[in-house]
Amino acid sequence: IGLSAGGRLYSETQRVPPGDAVADAILEDNLRFLALDDGSSASCVEGLKYPVGGPNSLRVGNTVNTAVLQGTSVLHLDFDSWSLLPINEEAYAHIAASGFSHNENPRESTLDLPENDQEQGIFRVAGFNMLNYFTDLGTNYFDPNVDGYVGNCTVCRGAENFEEFVRQRKKLFLAIKEIDAVIFGLQEIQNDNDVTTQNLVNDLNEFLEQPGKYSFISTGEKVDNDAITNAIIYQPAFVKPQGDFEWFHYVNPDKKARPSLFQKFARTASENNETITFVVNHFKSKGSACDEDPTEEEPNPELLVNRTEGEGNCGFTRLKHAQQLIDKLEADYADERLILVGDFNSYAKERSITLLKESGLTSLADSIEGAYSYNYDGKSGTLDYIFVSAATACDKAIEWHVNSDESVFLAYDLQPYSGCNHSLYEADNAFRNSDHDPFVASCTFP
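Residues numbered from 1 in each chain as written. Predicted model: local features only at pLDDT ≥ 70, side-chain atom pairs only at ≥ 80, totals over all residues. Heavy atoms only, no water.

Another aspect to go through is the overall build of the chain. The helix and strand inventory of the chain stands at 9 helices and 22 strands. Computed over C-alpha atoms, the radius of gyration of the chain comes to 22 Å, within 12% of the 22 Å expected from 2.2 N^0.38 for 446 residues, which places it in the range of a compact globule. Each of the three principal axes of the chain carries a C-alpha extent, and together these read 70 × 60 × 45 Å. For the chain, long-range pairs separated by at least 24 residues make up 75% of all intrachain contacts whose partners lie at least 6 apart in sequence. Carbon and sulfur atoms form 48% of the exposed surface of the chain, whose accessible area is close to 20,400 Å². One way to put it: in the chain the 34 positive side-chain charges average out to a point 3 Å from where the 70 negative ones average out. (Helix = DSSP H or I, 4+ residues; strand = E, 2+ residues; numbered from the N terminus. Rg over C-alpha atoms; globule rule 2.2 N^0.38 Å. Contact = heavy atoms within 4.5 Å. Areas by Shrake-Rupley, 256 points an atom, 1.4 Å probe, with all protein chains shown as cover. Lys, Arg positive; Asp, Glu negative; His and termini not counted. Charge placed at Lys NZ, Arg CZ, Asp CG, Glu CD.)

Right, dumping it as structure tokens:
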């Protein structure tokens, strides 16, 4: 367990712009950090030392009573990192029973947002990264020994078998039920000619026991060659699509960001022909390199100016794609009501987010104190956003921290880690249904 003095740790570029300030931010974090060890170097341990699952499940942002730690542990330095190592099993039990407080950042099972109101035109909208929702089931993982992907299913990224799929689906559907957005922008849906999106909507309506509650924008095609795509599901009782959908493809480099999905909507009960354009986005991740990234082996001065410290891989690619998206909006949707949702894979101070805001879009995350939607290596930050144009009225937004603060052991996987044959999955709640938090806003439609 990671402990930090002075509150939650945030990713560096969540707090400071990329560049020279990042090194100071990292040093500051290192001085605040201390690990509370569990006495094992294994990634999977039968019988976790600290509470995971149930009403007292530890979440990022919970606090520790330092008085309880007194006399229980020794300070240990290993690999240039300090940790507290409890001295015996009694010490572990004492800390687990009395050391943690959930008063800071407790679980929230409901959303404090206005209900959907057709008469007033007040509707919830949401962006939701579904963590590889696939109906093709099997294994597909990268093996460095062969420098390629291996497994029994070349297109699979999600559940490995039907049992896992049922567990995944249950968690996601419980989350969707509580969010109750009139329009959802979904990321990481299997890219298979709408087969998985249709399956999701059919199963969701059956789960909700409300036939026809949700429909989806049928694109009728596999877009590009990526395994995952964006999708839109919506409640036809509240809104109706206007005109055709549109895919917007990013270039230079090609096929790094998933194409953005555009669709206009109007209120179902309205005859005024006023519309809002809903856009679902999923920018290139930080996980793998782009050609624009400089390398230490072959430094290219032209590329080096495109890499700013702290953005991770592909920062310049995301910046270029943000500009392409802005150009598209200005050319075809100037002065219109716009709602952009999705996983932009950039923290709040990174260049692509700054550029989008400088274009005139408003980030609803800026209205949330201490905003974050993802946790990586113990640090929180915003990767998921809702942006709106000046003509769009949204009066409240919530990042529902149902995922990023929760343990991976609560996820649907039967093996949370490789070689780990147990999980602490909870079937009766939505916690840890994905790795990203859904972002939800209450907006007024004309």
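From this point, the narrative continues.
Tracing the chain through its elements places D405 in the loop between β21 (393-399) and β22 (439-444). For D405, a relative accessible area of 2% puts it in the buried group. Polar contacts involving the side chain of D405 include one to the side chain of R8, which spans 3.1 Å. A polar contact is formed between the side chain of D405 and the side chain of N105, at a distance of 2.9 Å. Setting aside its immediate chain neighbours within four residues, D405 contacts R8, L58, R59, V60, N105 and Y372. (Buried < 20%, exposed > 50% of the residue type's maximum accessible area, 1.4 Å probe, protein only. Polar contact = N/O pair within 3.5 Å; in protein donor to acceptor, adjacent residues only side chain to side chain.)

This part takes up the packing of aromatic side chains. In this description, a pair of aromatic rings is defined by centroid distance and the angle of the planes. The full count for this structure, using the stated rule, is 18 aromatic pairs. Ring geometry for F173 and F207: centres 5.6 Å apart, planes at 55°, overall tilted. Taken together, the positions of F173 in helix α5 (residues 162-179) and F207 in helix α6 (residues 195-208) put the pair 34 residues apart, joining distant regions of the chain. When its relative accessible area of 29% is taken as the criterion, F207 is described as partly exposed. (Phe/Tyr/Trp six-rings, centres within 6.5 Å; stacked < 30°, edge-to-face > 60°.)

On to the pairing of β22. Within β22, 5 of the 6 residues are buried, which leaves it mostly tucked inside the rest of the structure. Looking at chain direction, strand β7 (residues 122-133) and β22 are connected through 6 bridges and run antiparallel. Across the sheet, residue R124 finds its bridge partner in β22, namely S442. Where β21 lies against β22, 6 bridges are found, and the strand directions are antiparallel. What sits directly across from A397, in β22, is A441. (Pairing = 2+ DSSP bridges.)

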